[in-house]
Amino acid sequence: MAKQIPIGARGEARETVAFKHTLTSHHPELPPVYSTPDMIRLMEIAAFQALQPYCEGDEISVGTSINIQHRAASGIGANIHAEAVLESFDGRFYLLRVTARDDAQEIGRGTVGRAIVSIGNFVNKMKAK
């Protein structure tokens, strides 16, 4: 079982927007701006980073829910910084407040839910399906 994770535990992740992170890379008629799925992926990485130091053995955290608003566009070359802060725990699920910023402003915010699982147990359950 994971060590007790303190409310306020933080994680972060960074990346520079490349063509592969843009809407254009998915469809040529869309603008070359940072895609919402890529922003959410970076937020999820930050949430993972917040919880992982408290996991033991083969434990990891896995995503269980997302509630995200993408509020501003960022172009190729923008530096994106995502941060996650543990806000609550209900006995099984962790809720983290997440934000993403580019060089100039906040571009997204919301919450990410995660749970701690044993990789071995998780894989065995998947094989049993």
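A brief report on the enclosed structure follows. (Residues numbered from 1 in each chain as written. Predicted model: local features only at pLDDT ≥ 70, side-chain atom pairs only at ≥ 80, totals over all residues. Heavy atoms only, no water.)

**A word on helix H1 (residues 36-51)**
So, point 1. Here H1 is 16 residues long and its end C-alpha atoms lie 23 Å apart, about the 22 Å a rise of 1.5 Å per residue gives.
So, point 2. Those residues of H1 that fall on the buried side of the exposure criterion are Asp38, Met39, Ile40, Leu42, Met43, Glu44, Ala46, Ala47, Ala50 and Leu51.
So, point 3. Taken together, the buried residues of H1 touch strand E1 (10-16), strand E2 (59-70), strand E3 (79-89), strand E4 (93-101) and strand E5 (106-118). (Helix = DSSP H or I, 4+ residues; strand = E, 2+ residues; numbered from the N terminus. Expected span 1.5 Å × (residues − 1). Buried < 20%, exposed > 50% of the residue type's maximum accessible area, 1.4 Å probe, protein only. Contact = heavy atoms within 4.5 Å.)

**Considering the sheet that holds E3**
So, point 1. The sheet built from 5 strands is open, its strands ordered E1-E3-E4-E5-E2 with antiparallel pairing. Either end of the sheet is taken by a strand with one partner, and the two such strands are E1 and E2. Across the sheet, the mean angle from the axis of one strand to that of its neighbour is 25°, orientation sign disregarded.
So, point 2. Where E1 and E3 come together, 7 bridges link them in antiparallel fashion. Looking across to E3, one finds that Thr16 is bridged to Asn79.
So, point 3. Sitting on the sheet, H1 is in contact with E1, E2, E3, E4 and E5, with an inclination near 145° to E1. (Pairing = 2+ DSSP bridges. Axes fitted to C-alpha atoms, helices over the stretch in contact; angles between N-to-C directions.)

**Digging into the nonpolar core**
Proteins that are soluble and globular tend to have nonpolar side chains buried together.
So, point 1. With 26 residues, the main nonpolar core has Ile80 and Leu96 as its most contacted residues.
So, point 2. Counting only elements with at least two residues in this core, the list comes to H1, E3, E4 and E5.
So, point 3. The leading source of residues in this core is H1, at 7 residues.
So, point 4. Contacts of Ile80, omitting those with residues within four sequence positions, involve Ala13, Arg14, Glu15, Val17, Tyr34, Leu42, Ser74, Ala100, Arg101, Asp102 and Ile107. (Core = buried A, V, L, I, M, F, W, Y, C linked by side-chain atoms within 4.5 Å.)

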